[in-house]
Amino acid sequence: MSASRRSGATDELGPEGSEPEREGPAGSDLLAALLDGMDAALCAFDADGVVTHWNREAERILGWTAEEAVGRAGFAGWAVRSADADEVEARLMSAMDAPGRQVNEFALLTKDGRRVLVRTQSAAVRGPGREPAGVYCAFSEVHAQIDLERSIALSEALLEDAGWGVVLVDADLRPAVVNAYAARALGAGRTSVLGRPLGELLSQGVEELESALTHVLAEGAPPAPAETWVTVRTPEGERRRCWRSGFVRLSSPLAEEPVPLGVGWLFQDVTEARQGEQEASLLRFRTQQLHRAARAAAECENPAEAVTVHLDFALAGFADHAVIDRVAEGGTDTDRVRLVRIAETPSGAPGPCRLDGRAGLPVLYADGHPALQCVERAGTVRAGAGSLKGDAAREWASARQWPQGTVHALCTVLRSRGRTLGAVTFLRTSHRTAFERADAMYAEDVAAHIATALDLAALLPEEG
């Protein structure tokens, strides 16, 4: 039985401004049929908050029949939790004194005790004299709508406020949507990166990144985030960055079969953290090398051998070649410093550092040579071939009497007990980066150990 056939107040209730229903069974049956045929759940309350109408959609959603609902005072104790009853009733009945419709969201209880989130639209019902006679309320489940709104809100938050990069990559591996963080990381504006191949944005690391995106499109997301080193092209120049990335495959929710729309790529810039870890690891390794060299040198009977031991341990992971030049006897008494080669690493093939057979003969360094500058300044000097390539780079190394392929040099003074003994020169080829400040500090520590060994071997050139 419908609510309209049970309620004596049926003919007095209707939308605001509508004519009252005509008396008689025909009008009641027509209203009942209209209410029961609507897709929205409908209920109505009189001025005292008593339920007067309850259609079949309301019965479907909550499980309470019209016979069970009509005549109850409000929702308290059956359709809402007792703790929420006063607030829900106040919000519903406030429509009697408010113009237009009011929209609210709250949880109702089904007959079997489940909570259902609904969105209501309520408005006042006027009596013949335009006085408030009650409230009618239309409501529907909003789980799907709320889920959609939450998804949209999450997407907007990710694209606007997230503290990590979000890029939606289409099936052609081109950015379709980027957030502000990602645009800054890519060194361009949010619109200027759209539709461009990743190879135009990255000069290195693009193959690895595109391989990951292709795998996600074909197989799905990887089990864990991945870290990738890339070089980003920016108006200020290229920047080397490390990105920690996660990927998700995007498929259309409207198709019966999964249709790939692209890949959601989320990443964070972890360059500083990874560089810090690398520097700490490098520092630990170099400290261990210094300790190992000191222990090995302590076993050498000849201090000259200790010199080469220190140099061999220092070269591991640090440089490709090294030479040691000592100030010649009387070399500091003239206007020009003279240096004598006492040890060097082989330049043609790998091998340990060895004492040089040219001991006692000055090295013919040209004026301004980095090793001479190092001794004269009693400090560290860095030198490099710069942009020179090919024959020009080889001529640069040959002019300084360094092995072929050398493009970076670090000369560190050898001092002991206030005296300048010479210089040690570390050399790197083109496959290594230039020497940096941390490298200079390490070279100074190595030079201190070598200088101590040289000081113990005052007659080292004659012995060599």
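Going by the structure above, here's the rest.
As a starting point, this report considers the structure included with it. (Residues numbered from 1 in each chain as written. Predicted model: local features only at pLDDT ≥ 70, side-chain atom pairs only at ≥ 80, totals over all residues. Heavy atoms only, no water.)

1. A word on the packing of aromatic side chains
Aromatic ring pairs: the centre-centre distance and the angle between the two ring planes describe each pair. Quick note on the threshold: Only centres within 6.5 Å qualify two rings of Phe, Tyr or Trp (six-membered ring in Trp) as a pair; their planes then separate them into stacked at under 30 degrees, edge-to-face at over 60, and tilted for everything else. Here's how the labels work: a residue is buried when its accessible area is under 20% of the maximum for its type, exposed when over 50%, partly exposed in between, all with a 1.4 Å probe on protein chains only. In DSSP terms, a helix is any run of H or I states spanning at least four residues, a strand is any run of E spanning at least two, and both are numbered starting from the N terminus. Criterion for a charge above a ring: Arg CZ or Lys NZ at most 6 Å from the ring centre, at most 35 degrees from the ring normal.
Going through the model one piece at a time under the given rule, you end up with 14 aromatic pairs. Here Phe 75 and Trp 78 contribute two aromatic rings whose centre-to-centre distance is 5.5 Å and whose plane-to-plane angle is 75 degrees, an arrangement assigned as edge-to-face. Accessibility classification places Phe 75 together with Trp 78 in one group, the buried group. Measuring from ring centre to ring centre gives 6.2 Å for Tyr 181 and Phe 267, while their planes differ by 65 degrees; the resulting arrangement is edge-to-face. In this pair, Tyr 181 is assigned in helix α6 (residues 180-185) and Phe 267 in strand β11 (residues 260-269), connecting sequence segments 86 residues apart. Take Tyr 181 and Phe 267: they sit in the same class, and that class is buried. One aromatic cluster is present, built from ring pairs that chain together Phe 45, Trp 54, Trp 64, Phe 75, Trp 78 and Phe 139. The ring of Trp 64 is capped by Arg 72, whose NZ or CZ atom sits 5.5 Å from the centre of that ring.

2. Structural notes on the sheet that holds strand β14 (residues 354-355)
One key point about sheets: their strands pair by backbone hydrogen bonds, in either a parallel or an antiparallel sense. As a reminder of what qualifies: For two strands to count as paired, DSSP must find a minimum of two bridges between them. Here a residue-residue contact requires only that any non-hydrogen atoms of the pair lie within 4.5 Å. Every angle, taken between N-to-C directions, lies between 0 and 180 degrees, and every axis is a line fitted to C-alpha atoms, over only the stretch in contact when it is a helix.
Spatial strand order, β14-β13-β12-β17-β16-β15: six strands in an open sheet with antiparallel pairing. Lying at the two open borders of the sheet, with one neighbouring strand each, are β14 and β15 (380-384). Relative to strand β17 (residues 419-429), helix α11 (residues 370-377) is tilted by about 145 degrees, and along the sheet it contacts β12 (321-327), β13 (339-344), β15, β16 (406-416) and β17. The sheet contacts of helix α13 (residues 437-456) involve β12, β13, β15, β16 and β17, and relative to β16 the element is tilted by about 45 degrees.

3. Some words on unusual backbone geometry
One non-glycine residue with positive phi stands out, namely Ala 378, at about 55 degrees. Within the secondary structure, Ala 378 sits in the loop between α11 and β15. What makes Ala 378 partly exposed here is its relative accessible area of 35%.

4. Description of the sheet that holds strand β4 (residues 115-126)
Read across the open sheet, the five strands follow the order β2-β1-β5-β4-β3; overall the sheet is antiparallel. In this open sheet, the two strands that pair with only one neighbour each are β2 (51-54) and β3 (102-109). On average, adjacent strands in this sheet sit at an angle of 30 degrees to one another, irrespective of strand direction. Sheet topology places β3 next to β4; eight bridges connect them, and they run antiparallel.

5. Looking at the pairing of β13
For a regular strand, side chains alternate in direction, first toward one face of the sheet and then toward the other. Buried residues dominate β13, accounting for six of its six residues. Note: β13 against β14, two bridges, orientation antiparallel. Bridging across to β14, Ala 343 finds its partner in Leu 355.

6. Overview of the pattern of salt bridges
We count it as follows: What makes a salt bridge here is a side-chain nitrogen of Lys or Arg within 4 Å of a carboxyl oxygen of Asp or Glu, nothing more.
Within this structure, the stated rule accounts for 19 salt bridges. A salt bridge links Glu 68 to Lys 111; the shortest N-O distance between them is 2.6 Å. With a gap of 43 residues between them, Glu 68 in helix α3 (residues 66-69) and Lys 111 in the loop between β3 and β4 connect regions that are remote in the sequence. The class of Lys 111 is partly exposed, set by a relative accessible area of 44%. Of the charged contacts in the structure, one is a salt bridge between Glu 272 and Arg 241, with a shortest N-O distance of 3.1 Å. Of the two residues, Glu 272 is situated in helix α9 (residues 271-298) and Arg 241 in strand β10 (residues 237-251); the sequence distance between them amounts to 31 residues. A relative accessible area of 17% means that Arg 241 is categorised as buried.

7. Regarding the nonpolar core
Proteins that are soluble and globular tend to have nonpolar side chains buried together. What counts here: Grouping buried Ala, Val, Leu, Ile, Met, Phe, Trp, Tyr and Cys residues that are joined through side-chain atoms within 4.5 Å yields what is termed a nonpolar core.
Counting 30 residues, the largest nonpolar core has Leu 311, Phe 318, Ile 324, Leu 414, Val 424, Phe 426 and Ile 450 as the members making the most contacts within it. Within the residue set of this core, elements represented by two or more residues are α9, α10 (303-315), β12, β13, β16, β17 and α13. Tallying contributions element by element places α13 first for this core, with nine residues. Leaving out residues up to four positions away in the same chain, Val 424 has contacts with Leu 311, Val 323, Ile 324, Leu 410, Cys 411, Thr 412, Leu 414, Ala 447 and Ile 450. Of all hydrophobic cores here, the second largest spans 29 residues; its members include Phe 45, Val 51, Val 88 and Met 93.

8. Points about the environment of Thr 433
Its location among the elements puts Thr 433 in the loop between β17 and α13. Given a relative accessible area of 57%, Thr 433 falls into the exposed group. Residues Thr 433 and Ala 319, spaced 114 residues apart in sequence, show a C-alpha to C-alpha distance of 10.0 Å. If sequence neighbours within four positions are ignored, Thr 433 has contacts with His 408 and Arg 428.

9. Remarks on the pairing of strand β6 (residues 165-169)
Within β6, four of the five residues are buried, which leaves it mostly tucked inside the rest of the structure. Strand direction decides the pairing type here: β6 and strand β7 (residues 175-178), joined by three bridges, are antiparallel. Bridge pairing in β7 places Val 169 opposite Pro 175. Hairpin geometry of β6 and β7 is characterised by an intervening segment of five residues between the two adjacent antiparallel strands and by a positive phi of about 65 degrees at Leu 173.

10. Overview of the packing of α10 against α13
Note the cut-off: Any angle that falls under 35 degrees is termed roughly parallel, while one over 145 is termed roughly antiparallel, one within 65 to 115 roughly perpendicular, and all others oblique. Polar here means any residue other than Ala, Val, Leu, Ile, Met, Phe, Trp, Tyr, Cys and Pro, which are nonpolar, and Asp, Glu, Lys and Arg, which are charged; Gly is therefore polar.
Look at α10 against α13: their axes get within 8 Å of each other, and the N-to-C directions meet at 170 degrees. It follows that α10 is roughly antiparallel to α13 by the angle criterion. Where α10 approaches α13, its residues Pro 303, Ala 306, Val 307, His 310, Leu 311, Phe 313 and Ala 314 are matched on the opposing element by Tyr 442, Val 446, His 449, Ile 450, Ala 453, Leu 454 and Leu 456. A per-class count over the contact of α10 with α13 returns twelve nonpolar, two polar and no charged.

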